[in-house]
Amino acid sequence: MIWDDFLNSEWHDWRGSGKYEDRLLNPYQLQSFMNRHQFLVNLPLDQEDIKYLQQLRSFLKEFVQYIVAGGTSPGWRIEELNRWMSEELVLRELHSNEEGNYTLSFRTMNPGLKGVAADIAASFATTLSEGESTRIRICDNPDCLWIYYDDTRNRSKRYCDDKMCGNLMKVRRFRAKKKLQSDTSDG
Ligand SMILES: [Zn+2]
């Protein structure tokens, strides 16, 4: 999805080195994000444009944290999300072919950065309305904080990646337990 890919542009080293990168500030990463989602914008972005995207990211991130914490009355967040989406006008067109098939197409009327931001906001709104908001997760590894959508059948996915963050946390729990045991036996 576009929105989680966008939110994860804030990268934290899951191994716990404390390293952090804002990938919106990395031209190569930003270009590949735009390519992945077929956004046509002129790069590099200027300071103002980057700030605009960072504002959207802060807003969406707070919304995700609110949902993950179990919040169910988002209030002002809905208006704010609608405001981001309203920056783009979409033209809908119905087409038909000789076989009697119909297709509906969407054409955006203001390509450019505001349109990109509106598309990102709309992808989040789509997940909220068509997906299940209770499947939105933040990785349980406090050093990682990767944001994802849990599409497992039993909704039990606690880590972005069981082999990486899951194992790391298992090792940490094991060590903490060992330490506790040796501390208590030392008196
Ligand atoms: Zn993780």
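Residues numbered from 1 in each chain as written. Predicted model: local features only at pLDDT ≥ 70, side-chain atom pairs only at ≥ 80, totals over all residues. Heavy atoms only, no water.

Per an unreviewed UniProt entry, the protein carries the name Zinc finger CGNR domain-containing protein and comes from Paenibacillus solani.

Here the focus is the pairing of strand 4 (residues 102-108). Every other side chain in a regular strand lies on the same face of the sheet, so the side chains alternate between the two faces. Relative to strand 4, strand 3 (residues 90-96) runs antiparallel, the two being bridged by 7 bridges. Looking across to strand 4, one finds that Arg92 is bridged to Phe106. Connecting strand 3 to the antiparallel partner strand 4 that follows it, the hairpin turn spans 5 residues, and Gly100 within it adopts a positive phi of roughly 80°. (Pairing = 2+ DSSP bridges. Helix = DSSP H or I, 4+ residues; strand = E, 2+ residues; numbered from the N terminus.)

This part covers helix 3 (residues 47-68). Under the 1.5 Å per step criterion, the end-to-end length of helix 3 is 31 Å for 22 residues, consistent within 8% with the ideal 32 Å. What helix 3 keeps buried is the set Ile50, Tyr52, Leu53, Leu56, Arg57, Phe59, Leu60, Lys61, Phe63, Val64, Tyr66 and Ile67. Where helix 3 begins, one side-chain oxygen reaches toward the backbone nitrogen of Glu48, 3.2 Å away; that side chain belongs to Asp46. Directly after helix 3, the chain includes Gly70, whose backbone phi takes a positive value near 95°. (Expected span 1.5 Å × (residues − 1). Buried < 20%, exposed > 50% of the residue type's maximum accessible area, 1.4 Å probe, protein only. Polar contact = N/O pair within 3.5 Å; in protein donor to acceptor, adjacent residues only side chain to side chain.)

For the rest of this paragraph, the subject is the coordination of the zinc ion. Bound to the zinc ion on the protein side are Cys139 (SG), Cys144 (SG), Cys160 (SG) and Cys165 (SG), at distances that span 2.3 to 2.4 Å. On the primary sequence, the residues serving as donors to the zinc ion are separated as C-x4-C-x15-C-x4-C. Classification of Cys139 as buried rests on a relative accessible area of 3%. (Donors = N, O, S within 2.8 Å, 3.2 Å for Na, K, Ca; no water.)

Note that the residue after Leu43, namely Pro44, is joined by a cis bond; omega there is 0°. On the secondary structure map, Pro44 appears in the loop between helix 2 (27-36) and helix 3. With phi around 60°, Leu145 is a residue other than glycine that occupies positive phi space. In this fold, Leu145 is placed in the loop between strand 5 (136-138) and strand 6 (147-149). Its relative accessible area of 34% is what places Leu145 among the partly exposed residues. Unusually for a residue other than glycine, Arg155 sits at a positive phi of about 55°. Turning to its location among the elements, Arg155 is positioned in the loop between strand 6 and helix 6 (162-186).

This model, assessed by the stated rule, comprises 7 aromatic pairs. The interplanar angle of 70° and the centroid separation of 5.0 Å between the aromatic rings of Trp3 and Phe124 together place this pair among those described as edge-to-face. Taken together, the residues Trp3 in helix 1 (residues 2-7) and Phe124 in helix 5 (residues 113-130) connect sequence positions 121 residues apart. Here Trp3 matches Phe124 in class, with each residue buried. (Phe/Tyr/Trp six-rings, centres within 6.5 Å; stacked < 30°, edge-to-face > 60°.)

Let us look at a nonpolar patch on the surface. Judged by side-chain polarity, Val90, Leu94, Tyr102, Leu104 and Phe106 come together as a nonpolar surface patch covering roughly 570 Å² of accessible area. Ranked by residue count, the leading element in the nonpolar patch is strand 4, at 3 residues. Mapping Leu104 onto the fold places it in strand 4. Judged by relative accessible area, which is 49%, Leu104 ranks as partly exposed. (Patch = residues over 30% accessible without salt bridge, like charges linked within 9 Å, V, L, I, M, F, W, Y side chains within 5 Å. Areas by Shrake-Rupley, 256 points an atom, 1.4 Å probe, with all protein chains shown as cover. Salt bridge = Lys/Arg side-chain N within 4 Å of Asp/Glu carboxyl O.)

On to the environment of Lys51. Along the chain, Lys51 turns up in helix 3. Between the C-alpha atom of Lys51 and that of Tyr66, which follows or precedes it by 15 residues, the distance is 23 Å.

So, on to the environment of Ser156. Counting through the fold element by element, Ser156 comes out in the loop between strand 6 and helix 6. The class of Ser156 is partly exposed, set by a relative accessible area of 44%.

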